[in-house]
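# Chains, contacts and geometry: an overview
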Amino acid sequence: MCAVYLVEYAHGGPLSRIIAILVDVMSGIPSIVAGLFAFSMFSIVFGPGTINGISGSVALSLLMLPTVVKSSEEMLKIVPDDLREASLALGVTQQRTITKIVLRTSLPGIVSGVILAIARVIGETAPLLMTAGYIATTNFKLFSGQMTTLPVYVYQEYSKLSVTCPASAGADCITSIPMQRSWAAALALIILVLILNLVGRLVARVFAVKTER
């Protein structure tokens, strides 16, 4: 919506310049600052020390937003003006022209931008440590309690390096299990990114504008 406003409505006005500056500033903020902002906001609204999954989601969304806006803005700019003018000449409203013509044409590029934004934040650890915390079990309650995330899990297991086995364990105890768990979680992250890229390519191919020869 921000990209649509900047390209289709603002046309270089004062508000659009302010928004562009803010987007550029947000694209350069450290991830820990986004985590601190989300943690502070939820602490003010819901009470001090509020830690839950939705707070972590807000922090990651702040990091994703500039990438999505900039990539979507560039994709909207490359849509030919002839398409807009032809639609308006046929009596179609501007809103319908944007939703049915402009966004439809630029959808593959917008999807690619969203995937790039997800790839940027999928490995973030610092903001999630501040906002979602860490527990050894799985918490399915998004609005209540701490939550385990894969990047934080990789960090926590790697920091252990090894475990001390009791004398009664014998050969059944594997001292390197924390390291193996961290590598397994890292592999799961890589597979998730791969799946997201495959889905993005599929969406881009399905919704790509087909030209007749």
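Since the model is a prediction, treat every value here as computed from it, not as a measurement.

### Concerning the overall build of the protein chain
Secondary structure assignment for the protein chain yields 9 helices and 0 strands. Its helices and strands taken in sequence order, the protein chain reads α-α-α-α-α-α-α-α-α from the N to the C terminus. For the protein chain, the C-alpha radius of gyration of 23 Å lies well beyond 17 Å, the compact-globule estimate for 213 residues. If one aligns the C-alpha atoms of the protein chain with their principal axes, the spans along those axes are about 85 × 50 × 30 Å. Split into buried and exposed, the 213 residues of the protein chain put 31% on the buried side. Once local pairs closer than 6 in sequence are excluded, the contacts in the protein chain between residues at least 24 apart make up 66%. Surface summary for the protein chain: the accessible area is close to 13,300 Å², and the carbon and sulfur share equals 68%.

### Comments concerning the pattern of salt bridges
Working definition: two side chains of opposite charge can pair if their charged atoms are close together. Applying the stated criterion to the full structure yields 5 salt bridges. The partner of D81 in a salt bridge is R84, and the shortest N-O contact between them spans 2.9 Å. You can see D81 and its partner R84 sitting in helix α5 (residues 81-89), 3 residues apart, about one turn around the helix. Judged by its relative accessible area of 48%, D81 is partly exposed. Among the residues examined, R84 registers a relative accessible area of 12% and is labelled buried. When salt bridges with common partners are traced through the structure, they connect E8, D81 and R84 into a single cluster.

### Things to note about the confidence of the model for the protein chain
Looking at the protein chain as a whole, its pLDDT mean stands at 83, while 91% of the residues score no less than 70. Within the protein chain, the lowest mean pLDDT, 81, falls on helix α8 (residues 150-160), and the highest, 89, falls on helix α4 (residues 53-77).

Scoring rules and cut-offs
- Residues numbered from 1 in each chain as written.
- Predicted model: local features only at pLDDT ≥ 70, side-chain atom pairs only at ≥ 80, totals over all residues.
- Heavy atoms only, no water.
- Helix = DSSP H or I, 4+ residues; strand = E, 2+ residues; numbered from the N terminus.
- Rg over C-alpha atoms; globule rule 2.2 N^0.38 Å.
- Buried < 20%, exposed > 50% of the residue type's maximum accessible area, 1.4 Å probe, protein only.
- Contact = heavy atoms within 4.5 Å.
- Areas by Shrake-Rupley, 256 points an atom, 1.4 Å probe, with all protein chains shown as cover.
- Salt bridge = Lys/Arg side-chain N within 4 Å of Asp/Glu carboxyl O.
- pLDDT = per-residue confidence, 0-100.

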